[in-house]
Amino acid sequence: MQRGTNLARLGGYNQAVILDANRRAHEGIARVELVELTGLSPQTISNVVRRLVDEGMVREDRKAASGPGKPRILLKLEVSSRFAVGIHLDPALMTLVMLNLCGQVVASARYEMPAVPEPDGTARAMAGRVRDLIASAGIPREQILGIGVAAPGPIDVARGIVVGPPLLHGWEAVELRGPLHELTGLPVLLDKDVTAAAVAELWASKRAAPENFAFIYLGTGLGAGVVLQGEVLRGASGNIGEIGHFPTQAHGTECFCGRGNCAGMALAFRTLIQEGIDAGLFPADQGAADLAGTTAAVARRCRLAREGHPVAEQICPRAAARLGEAVVHVANLLDVDRVIFGGPLWDGLADFALPKLRQEGQERFVARAIHEVEVAGPGLGHEVGAIGGACLVLDHALSPKASGLLLGSQA
Ligand SMILES: [Zn+2]
C-alpha cells in the first residue's frame, strides 16, 4: 500500500491513493481506516472523499450500528461510474475491450487487421471501432476515462509513436496517440503490448506479497513484460523485454537481424508452419497469413505429438526447447518467482510446452534452492493485451504507483 502525502499540490496523487484503497476494499472502507492505511490527515481524506462522492466515483453506505454509537459509514467504489477502453494492435488482429473501475470486462470486440496494413488509416479505423464499442455498451461518453493502446515495439512513448515493428511491414514512425486523441477527444496512453499484458496480470492478481514475474508474449513477435517488487518496469524508453534476438539452438531461418539462431524467429508462426510442411505434417500450401488458421495448425502439430505421431514427436519438442532456453535466461536475469505465458501462439503450444517448460525451470533456474519459479499460462486469455491497454488508463486514474505517473496522457 502506497502512503499519501498531505501537501495540497498533490491532490491528484492523494485522490489516486484513496481510490486505490477503495478498489482493494471489496466490502467498503471507513474514513478512519483510510487515515490509517494512507497516512493522510482526516481533513485531507474528508476533502478528497467529498469530491469523489460529488463526482459519483465513490458512494457512502450507512451500515446499521451493531452496538452503541453512531452508524458506521463505509465508502464504496462505484465500479460502473467510469470506464476505460483498451486496444491491442497486433499485426494480425485488433482487439478492443472496455473495463469498469474494478478492471472487469464489460464489452469487447475483435477485428482482423487488413492483409496489407495501412498505417495512415489505422488511427481512423481505431477511432471508429472505439466509437462502435462505446455505442454498443450504451455508456455515456463522459464516463470514459480514456483509451490505452498496446502496440508492438519498439515504441516512442514520449512522442506517442509506433517506431516501426519489424513485423508490421510499411510501418515506420506511425503516430498513433496524437491522431487517436484528436479523432476521439479522449486522453490516449500508449505502451508496448508485452508491458500492457504485464500490467493486466498485475491488476488481476489477488496475491498479497509484491509480485515478481515476467510475462512472455508469443504472438507475431516474442517479447517479455516485467514486474519486479510489484512495479511494472519499462526501461529507459519504454522498450524493455526485447527477447526475440536471444540466441537459441540454430534452426536455419534467418532473422531480420541477419543471424540464424534468434529465439523470436525460431518461434515465428511461419518457421513452425514451414517445419510442419518440410516434415510432411502440413500440406505444401499451408499458409501462415491467417492467424486463426495458423494457431490451429500449430495446435494440431502439438496434438499429433502428444498422440505419438513419430514426425510430430520429433519436431514439436524443438519449439518447446527453444522457448525454454530463452525463458530460463529471463528467469535467471530477473530472479522472478513466476513466468506467465500468453499470446495467440501460446494457445496452440500450451498443452504440449507447459510441462516441458516447468521441467526446464526446475532444472536450470539458479535460485531454485531459495525459491521456486512457477511457470503458468495467462490468467486473462486472448484479450490480455487489450485489457492491459485499458488497465494503463485505470492505473493512471486510480493507482498511486510510479508507473501510473510516468506515462502522461495526451495533452
Ligand atoms: Zn535476430
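Numbers given for residues are sequential positions, taken from 1 along each chain in its written order. The model is predicted, so local features are restricted to residues of pLDDT at least 70 and side-chain atom pairs to those at 80 or more, both for listing and for counting; the totals for chains, interfaces and linings are taken over all residues. Computation of side-chain values: all heavy atoms of the structure, hydrogens and water removed.

1. Things to note about the packing of helix H8 (residues 269-278) against helix H10 (residues 310-334)
For step 1, the next point in the chain: What counts as an axis is a line fitted to C-alpha atoms, over the stretch in contact for a helix, and the angles between N-to-C directions run from 0 to 180 degrees. In this description a helix means any DSSP run of H or I spanning at least four residues, a strand means any run of E spanning at least two, and both kinds are numbered starting from the N terminus. Relative orientation of the contacting elements H8 and H10 amounts to 160°, with a least axis distance of 10 Å. When the interaxial angle is binned, H8 and H10 end up roughly antiparallel. For the pair H8 and H10, the crossing hand works out as right-handed. Residue-level contacts link Leu272, Glu275 and Gly276 of H8 to Ile315, Arg318, Ala319 and Arg322 of H10.
For step 2, the next point in the chain: Residues are grouped as follows: Ala, Val, Leu, Ile, Met, Phe, Trp, Tyr, Cys and Pro are nonpolar; Asp, Glu, Lys and Arg are charged; every other residue, Gly included, is polar. Here the residues of the contact of H8 with H10 are counted per class, giving three nonpolar, one polar and three charged. Convention used here: angles under 35 degrees read as roughly parallel, angles over 145 as roughly antiparallel, angles from 65 to 115 as roughly perpendicular, and any remaining angle as oblique. By convention the crossing between two helices is left-handed if the near helix lies anticlockwise of the far one by an angle smaller than a right angle, and right-handed if it lies clockwise. Note on contacts: a residue pair is in contact if any heavy atoms of the two residues lie within 4.5 Å.

2. Structural notes on the coordination of the zinc ion
For step 1, the next point in the chain: Summarising the metal site, the zinc ion is bound by the protein donors His245 (ND1), Cys255 (SG), Cys257 (SG) and Cys262 (SG), whose distances to it range over 2.0 to 2.4 Å.
For step 2, the next point in the chain: Each residue gets one of three labels from its accessible area relative to the maximum for its type: buried under 20%, exposed over 50%, partly exposed in between, using a 1.4 Å probe on protein chains only. Given a relative accessible area of 0%, Cys262 falls into the buried group. For Na, K and Ca the donor cutoff is 3.2 Å, while for all other metals N, O and S atoms count as donors only within 2.8 Å; water does not appear among the atoms, so some sites may look incomplete.

3. Considerations on the sheet that holds strand S8 (residues 155-156)
For step 1, the next point in the chain: One open sheet holds the three strands; their spatial order is S8-S9-S10, and the pairing between them is antiparallel. Both outer strands of the open sheet, S8 and strand S10 (174-175), are each paired with one neighbouring strand and no more.
For step 2, the next point in the chain: Pairing between strands is defined by DSSP: at least two bridges between them are needed. Summarising the sheet, strand S9 (residues 161-162) and S10 pair through two bridges and their orientation is antiparallel. Bridged to Ile161 within S10 is Glu175.

4. Observations concerning the sheet that holds strand S4 (residues 83-89)
For step 1, the next point in the chain: With mixed pairing, five strands are arranged side by side in an open sheet as S6-S5-S4-S7-S11. The strands lining the two open edges of the sheet, one partner per strand, are strand S6 (105-112) and strand S11 (188-192). Here the average twist between neighbouring strands, direction ignored, is 15°.
For step 2, the next point in the chain: Relative to S6, strand S5 (residues 93-100) runs antiparallel, the two sharing seven bridges. In the sheet register, Leu93 faces S6, and the bridge partner there is Glu112.
For step 3, the next point in the chain: Strands S4, strand S7 (144-151) and S11 of the sheet are contacted by helix H5 (residues 177-184), whose axis makes an angle of about 150° with S11.
For step 4, the next point in the chain: Sitting on the sheet, helix H6 (residues 193-204) touches S4, S7 and S11, and the angle it makes with S11 is about 105°.

5. Details of the packing of H6 against helix H12 (residues 384-398)
Each packed pair of helices is defined by two parameters, the angle between the axes and the distance between the axes.
For step 1, the next point in the chain: Following both chains from N to C, one finds H6 and H12 inclined at 70°, their axes separated by 7 Å at the closest point. Put simply, H6 runs roughly perpendicular to H12. Note on packing geometry: the crossing formed by H6 with H12 is left-handed. Across the interface between the two elements, Ala196, Ala197, Val199, Ala200, Glu201 and Trp203 from H6 touch Val384, Gly385, Ile387, Gly388, Gly389, Cys391, Leu392, Leu394, Asp395 and Leu398 from H12.
For step 2, the next point in the chain: Across the contact of H6 with H12, the residue classes tally to eleven nonpolar, three polar and two charged.

6. Remarks on empty space enclosed by the protein
For step 1, the next point in the chain: Only protein atoms enter the calculation, which uses a 1 Å grid: trapped sets of points that fit a 1.4 Å probe without letting it out are cavities, open sets showing protein on both sides within 12 Å along at least five of seven lines are pockets, and any residue with an atom within 4 Å of a point is a lining residue. Grid points are joined across faces, edges and corners, and a volume is the space filled by probe spheres set on the points. For the coordinates displayed, the defined rule picks out three cavities of 30 Å³ or more.
For step 2, the next point in the chain: Counted as a void, the largest cavity has a volume near 70 Å³.
For step 3, the next point in the chain: What lines the largest cavity is simply Gly324, Val327, Val328, Ala331, Val339, Leu357, Glu360, Gly361, Phe365, Val373 and Val375.
For step 4, the next point in the chain: Listing elements by their share of the lining of the largest cavity, those giving two or more residues are H10 and helix H11 (344-364).
For step 5, the next point in the chain: Sort the elements by how many residues they give to the lining of the largest cavity and H10 lands first, with four residues.
For step 6, the next point in the chain: Among the residues forming the lining of the largest cavity, the class breakdown is eight nonpolar, two polar and one charged.
For step 7, the next point in the chain: The space that makes up the second largest cavity amounts to roughly 40 Å³.
For step 8, the next point in the chain: If you go around the second largest cavity, the residues you meet are Leu218, Gly219, Thr220, Gly221, Leu222, Gly264, Leu267, Ala268 and Leu345.
For step 9, the next point in the chain: Partitioning the lining of the second largest cavity into residue classes produces five nonpolar, four polar and no charged.

7. A closer look at the nonpolar core
For step 1, the next point in the chain: Buried residues of nine kinds, namely Ala, Val, Leu, Ile, Met, Phe, Trp, Tyr and Cys, make up a nonpolar core once their side-chain atoms join them within 4.5 Å. Grouped together as the largest cluster of nonpolar side chains are 48 residues, with contacts concentrated most on Ile216, Leu218, Leu323, Phe341, Trp346 and Leu349.
For step 2, the next point in the chain: Looking at this core, the elements with two or more residues in it are strand S12 (213-218), strand S13 (222-228), H8, helix H9 (291-306), H10, strand S15 (338-342) and H11.
For step 3, the next point in the chain: Ranked by the residues each element gives to this core, the list is headed by H10, at eleven residues.
For step 4, the next point in the chain: Other than its neighbours up to four places away in sequence, Trp346 contacts Leu218, Leu323, Phe341, Ala353, Leu354, Leu357, Gly377 and Pro378.

8. Observations concerning the pairing of S12
For step 1, the next point in the chain: For S12, the tally of buried residues reaches six of six residues, placing the bulk of the element in the interior.
For step 2, the next point in the chain: Residues Phe213, Phe215 and Tyr217 line one face of S12 and the alternating positions Ala214, Ile216 and Leu218 line the opposite face, and both faces are buried.
For step 3, the next point in the chain: Both S12 and S13 contribute to a ladder of six bridges, which runs antiparallel. From the neighbouring strand, Phe215 faces S13, where its bridge partner is Gly225.
For step 4, the next point in the chain: Linking two consecutive strands that pair antiparallel, namely S12 and S13, is a turn of three residues.

The values are spatial; any link to function lies outside them.
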